[in-house]
Amino acid sequence: SFGEEEVYILRPRMKNCGEIVFTRDLHWQTTSEILRYDNGFIEQLTTNNTPDAFPDINDAGTVVWNPDNDSQGSGDIAIIDDGIVNFIGNGTLPRINLSGKAVWSDLAFSQQPCAFTKAIIFFEGLSTTIIHNDGLSNQTPVINDNDDIAWTRFDFCPGGQGWEADIYLWRDGVATALTSDQLQPTAPSINNKGHVAWNTKDHVTLVRRIELWENGDTSILTDWGSSPKLNDNGDIGFFRWYDTLDIAQAWIYYDGAFLQIFNDASYSFVYDINNFAELVMAVGIFPATDVGYMRRIRTGEADFDGHIDLRDAAAFQNCMTGPGDFDGTVGGFDRLCDCRFLDIDHDRDVDRDDYALFATAMTGPE
């Protein structure tokens, strides 16, 4: 955990290199800044008097966010790469993939008294394209590294009571509905295999459940869960709502088992999961939440096959950096990425000190 007391920490996001971006709000919806965490070091990416919010990061360390957003998260879309900021459009809740392509929904405009229209915008690196605009409210798009995009299409004027929604997938220039008779499906997540997860309500109990779409087939992952975050290995971070406590608690579906991350009176909400099954969460008493990072313990394993052997030693040799000059104020981000698991002493380099710990921990093959 690495927030600050009396500071609102909002919407953390993380990728495979273990870098985390989040919003730190000092005055609750009047001004906020974007910060990035990497292996014990925190850097403030924005410094101004306007609200900056809803960041996302890819494995190359490129960050996209909403600068100068309004209370609904709508405003400019900006990307920062190697310290250079470029403004690439207008909209809300941007997401970015490994190649630097991004997706978001555009600024809303009223269509009729009970609804507003939002389109899905795709940034291809040099220009933006509207990939879906059907007169309804298309929101919360997510993108994978193959440029597949999933989102929720809301209909707030269905002719009856309440609202309706569907989960859509855009692939190879074609938008397809993945849901048909689900009750209010929302919060899609997509991985690099093209699998999509979302939550929907049971028609009878109205309890939110998680559904998983894989290559045309939809199945129920759990009959109690919301806001799934899916990695490439099929692990899913999510939360379960406890009515008796009036809080959310973080869970993970990992290696075929459901595991509860928190079990206390505080709020915990999963915002992202990476391919190492590490989670980044909002934790605390909402809305004054902190950032929680459930990360792998650094034992010397590089391939996480259950033992420390010559394969891990080969990885260690490839990861050697020598002594670093990181003290939290100089040197910037170490960018160890996968090699961070061999920084056993957590000093932001991989050197002889780590090797001494590694050699002691070696078990040999199973």
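In what follows, the structure referred to is the one given above.
Residues numbered from 1 in each chain as written. Predicted model: local features only at pLDDT ≥ 70, side-chain atom pairs only at ≥ 80, totals over all residues. Heavy atoms only, no water.

J.: For this particular structure, what's the right way to read the overall build of the chain?
T.: When its secondary structure is counted, the chain shows two helices and 28 strands. Across the 366 residues in the chain, those meeting the buried criterion constitute 52%. Restricting to contacts in the chain with at least 6 residues of sequence separation, those with at least 24 account for 36%. With the model as given, the accessible surface of the chain reaches about 16,900 Å², and the carbon-plus-sulfur share is 50%. (Helix = DSSP H or I, 4+ residues; strand = E, 2+ residues; numbered from the N terminus. Buried < 20%, exposed > 50% of the residue type's maximum accessible area, 1.4 Å probe, protein only. Contact = heavy atoms within 4.5 Å. Areas by Shrake-Rupley, 256 points an atom, 1.4 Å probe, with all protein chains shown as cover.)

J.: How should I be thinking about the pairing of strand β20 (residues 208-214) in this particular structure?
T.: Within a regular beta strand, the side chains point alternately toward one face of the sheet and then the other, so they alternate between its two faces. Burial analysis of β20 places five of its seven residues in the buried class, the great majority of the element. The sheet contact formed by strand β19 (residues 196-201) and β20 spans six bridges and is antiparallel. Paired with K201 across the two strands is R208, which belongs to β20. Counting the residues in the hairpin turn of β19 and β20 gives six residues, including L206, whose phi is positive at 65 degrees. As defined by bridge partners, β20 adjoins strand β21 (residues 217-222) across five bridges and the pair is classed as antiparallel. Paired with L212 across the bridge in β21 is S219. What sits between β20 and β21 in their antiparallel hairpin is a turn of two residues, with N215 showing a positive phi close to 55 degrees. (Pairing = 2+ DSSP bridges.)

J.: Teacher, can you tell me more about the state of the cysteines here?
T.: By definition, a disulfide links two cysteine residues through a covalent bond between their sulfur atoms. Taken as a whole, this structure holds two disulfides when the rule is applied. The disulfide partner of C17 is C337, and the S-S distance across this bridge is 2.2 Å. An S-S torsion of about 90 degrees defines the bridge between C17 and C337 as right-handed. Taken together, the positions of C17 in the loop between β1 (8-14) and β2 (20-25) and C337 in the loop between α1 (310-319) and α2 (352-361) put the pair 320 residues apart, joining distant regions of the chain. In this structure, C17 and C337 share a single accessibility class: buried. In this model, C319 is linked to C339 through a disulfide, with the two sulfur atoms separated by 2.0 Å. Handedness of the C319-C339 disulfide follows from its S-S torsion of about -75 degrees: it is left-handed. Here C319, found in helix α1, pairs with C339, found in the loop between α1 and α2; they are 20 residues apart in sequence, far enough to count as distant. Accessibility classification places C319 together with C339 in one group, the buried group. (Disulfide = S-S within 2.5 Å.)

J.: It is not clear to me how the sheet that holds strand β27 (residues 279-285) should be interpreted in this structure. Could you clarify?
T.: Neighbouring strands of a sheet are bound in pairs by backbone hydrogen bonds; such pairs are parallel or else antiparallel. Pairing is antiparallel across the open sheet formed by three strands, whose spatial order is β26-β27-β28. The open sheet is flanked by β26 (267-273) and β28 (288-294), the only strands paired with a single partner. Taken pair by pair, the neighbouring strands of this sheet meet at an average axis angle of 25 degrees, ignoring direction. Sheet topology places β26 next to β27; six bridges connect them, and they run antiparallel. Residue pairing in the sheet places D272 in a bridge with V280 of β27. (Axes fitted to C-alpha atoms, helices over the stretch in contact; angles between N-to-C directions.)

J.: Looking at this structure, how should I read the pairing of strand β5 (residues 52-57)?
T.: Counting buried positions along β5 gives six out of six residues, so the element sits mostly inside the fold. Relative to strand β6 (residues 63-67), β5 runs antiparallel, the two being bridged by four bridges. If you follow I57 over to β6, its bridge partner there is V63.

J.: I'm lost on the sheet that holds strand β15 (residues 149-155) in this one. Help?
T.: Read across the open sheet, the four strands follow the order β14-β15-β16-β17; overall the sheet is antiparallel. Across the chains shown, the open sheet's two edge strands, defined by having one partner strand only, are β14 (137-143) and β17 (174-177). Each adjacent strand pair in this sheet contributes to an overall mean axis angle of 25 degrees, direction not counted. Sheet topology note: the strand β16 (residues 164-171)/β17 ladder contains four bridges and is antiparallel. The residue bridging Y168 from the neighbouring strand is A177, located in β17.

J.: Is there a simple way to explain the packing of α1 against α2 in this structure?
T.: Two measures define how a pair of helices packs: the angle their axes make with one another and the distance between the axes. Between α1 and α2, whose axes approach to 12 Å, the crossing angle comes to 180 degrees. Regarding the angle of α1 to α2, the classification is roughly antiparallel. Side by side, α1 and α2 meet where D312, A313 and F316 of the first sit next to D354, Y355 and F358 of the second. Taken together, the residues that form the contact of α1 with α2 break down as four nonpolar, no polar and two charged. (Parallel < 35°, antiparallel > 145°, perpendicular 65-115°, else oblique. Nonpolar A, V, L, I, M, F, W, Y, C, P; charged D, E, K, R; others polar.)

J.: How should I be thinking about α1 in this particular structure?
T.: One full turn of an α-helix is made of 3.6 residues, so residues set three or four places apart face in the same direction. Taken together, the buried positions of α1 are occupied by D312, F316 and C319. End-on, the buried residues of α1 take up no more than an arc of 65 degrees, which puts them together on one face. Turned more than 90 degrees off the buried face of α1, the exposed positions are L310, R311, Q317 and N318. Where α1 is buried, its residues touch α2. Capping the start of α1, D309 holds a side-chain oxygen 3.1 Å from the backbone nitrogen of R311, two or three residues further along. (Arc of directions from axis to C-beta. Polar contact = N/O pair within 3.5 Å; in protein donor to acceptor, adjacent residues only side chain to side chain.)

Such coordinate-based values are descriptive only and should not be taken to indicate function.
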